[in-house]
Amino acid sequence: RHGHSAVLIPTSSTSTDERCAQMLVFGGYGGSSNNNLYSLDLPSATWHLLDPGGDLPCPRWRHAAISHQDKMYIFGGNTRGKHSENLDDMHVYNVERNDWNLVACTGEVPSARHDHTLTNNETGMYLFGGNESGRKDVKTLNDMYSFDFRSNSWSCLVSNSPLPVPRAAHAAVGMSNG
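First things first, this report covers the structure right here in the doc. (Residues numbered from 1 in each chain as written. Predicted model: local features only at pLDDT ≥ 70, side-chain atom pairs only at ≥ 80, totals over all residues. Heavy atoms only, no water.)

The next thing to look at is the overall build of the chain. For the chain, the helix and strand inventory stands at 0 helices and 14 strands. Each helix and strand of the chain, placed in order from N terminus to C terminus, yields the pattern β-β-β-β-β-β-β-β-β-β-β-β-β-β. Whereas a compact globule of 178 residues would reach a radius of gyration of roughly 16 Å, the chain reaches 16 Å, a difference of no more than 12%. Summarising its shape, the C-alpha atoms of the chain cover approximately 45 × 45 × 25 Å along the three principal directions. Computing the positive centroid from 14 side-chain charges and the negative centroid from 18, the chain places the two 9 Å apart. (Helix = DSSP H or I, 4+ residues; strand = E, 2+ residues; numbered from the N terminus. Rg over C-alpha atoms; globule rule 2.2 N^0.38 Å. Lys, Arg positive; Asp, Glu negative; His and termini not counted. Charge placed at Lys NZ, Arg CZ, Asp CG, Glu CD.)

Below, the structure written as structure tokens:
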């Protein structure tokens, strides 16, 4: 399998213990794209295929994901199939309830894309780059957006300095000031 996402979930959203209790692995491509969700219990090194309820994301790969408190957020990706389609939707998985919900986003929602990155901070996340369009007419991006968890709102960030070259299938990490 490739093109999946993986995030670490802390022991609890109110814990000051920085150890993580589980890793969630979602989607990917292995002959076809899927929307499977696996949990790895880190203390016992035991894998579980989860059967979440709610509004499940469609099968996808090359999406991006972050964790925030006891939730996993995914954005975009590609359906990879006969009618391959880039996506611009966001879903949130709630670990405690074992369910998915479609996030009703407002503001300047990023265009449908795959191979982008997400990084998070205390109140939201950032999206950078990725690929727009299909297999033959790919447009690589260097745009950046911020998302606010409290308002479910996206904003396009405008830079006052030269932008990095467009990129996709890259990696990103958020760093705290502490």
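From this point on, the discussion continues.
The next point concerns the packing of aromatic side chains. Scanning all chains against the criterion turns up 9 aromatic pairs. Between the aromatic rings of tyrosine 29 and tryptophan 61, the centroid separation amounts to 5.2 Å while the plane-to-plane angle is 40°, which identifies the pairing as tilted. With tyrosine 29 in the loop between strand S2 (20-26) and strand S3 (37-41) and tryptophan 61 in the loop between strand S5 (53-54) and strand S6 (64-68), this pair connects stretches of sequence that are 32 residues apart. Grouping residues by exposure puts tyrosine 29 and tryptophan 61 together as buried. An aromatic cluster of three or more residues is present, and its members are Tyr73, Phe75, Tyr145, Phe147, Phe149 and Trp154. Positioned above the aromatic ring of tyrosine 29, the side-chain terminus of arginine 80 is 4.0 Å from the ring centre. (Phe/Tyr/Trp six-rings, centres within 6.5 Å; stacked < 30°, edge-to-face > 60°. Buried < 20%, exposed > 50% of the residue type's maximum accessible area, 1.4 Å probe, protein only. Lys NZ or Arg CZ within 6 Å of the ring centre and 35° of its normal.)

Let us look at the side chain of asparagine 131. Positionally, asparagine 131 belongs in strand S12 (residues 124-132). On the accessibility criterion, asparagine 131 (9% relative accessible area) is buried. There is a polar contact of 2.8 Å between the side chain of asparagine 131 and the side chain of threonine 140. Residues within four places of asparagine 131 in sequence aside, it is in contact with Arg62, Asn86, Ala112, Arg113, His114, Asp115, Val138, Lys139, Thr140 and Ala168. (Polar contact = N/O pair within 3.5 Å; in protein donor to acceptor, adjacent residues only side chain to side chain. Contact = heavy atoms within 4.5 Å.)

Before going further, it helps to examine the side chain of histidine 116. Mapped onto the elements of the fold, histidine 116 is located in the loop between strand S10 (106-107) and strand S11 (117-120). By relative accessible area, histidine 116 is classed as buried at 5%. From its side chain, histidine 116 meets the backbone oxygen of phenylalanine 75 in a polar contact 3.0 Å long.

So far we have only geometry, and geometry alone does not tell us how the molecule works.
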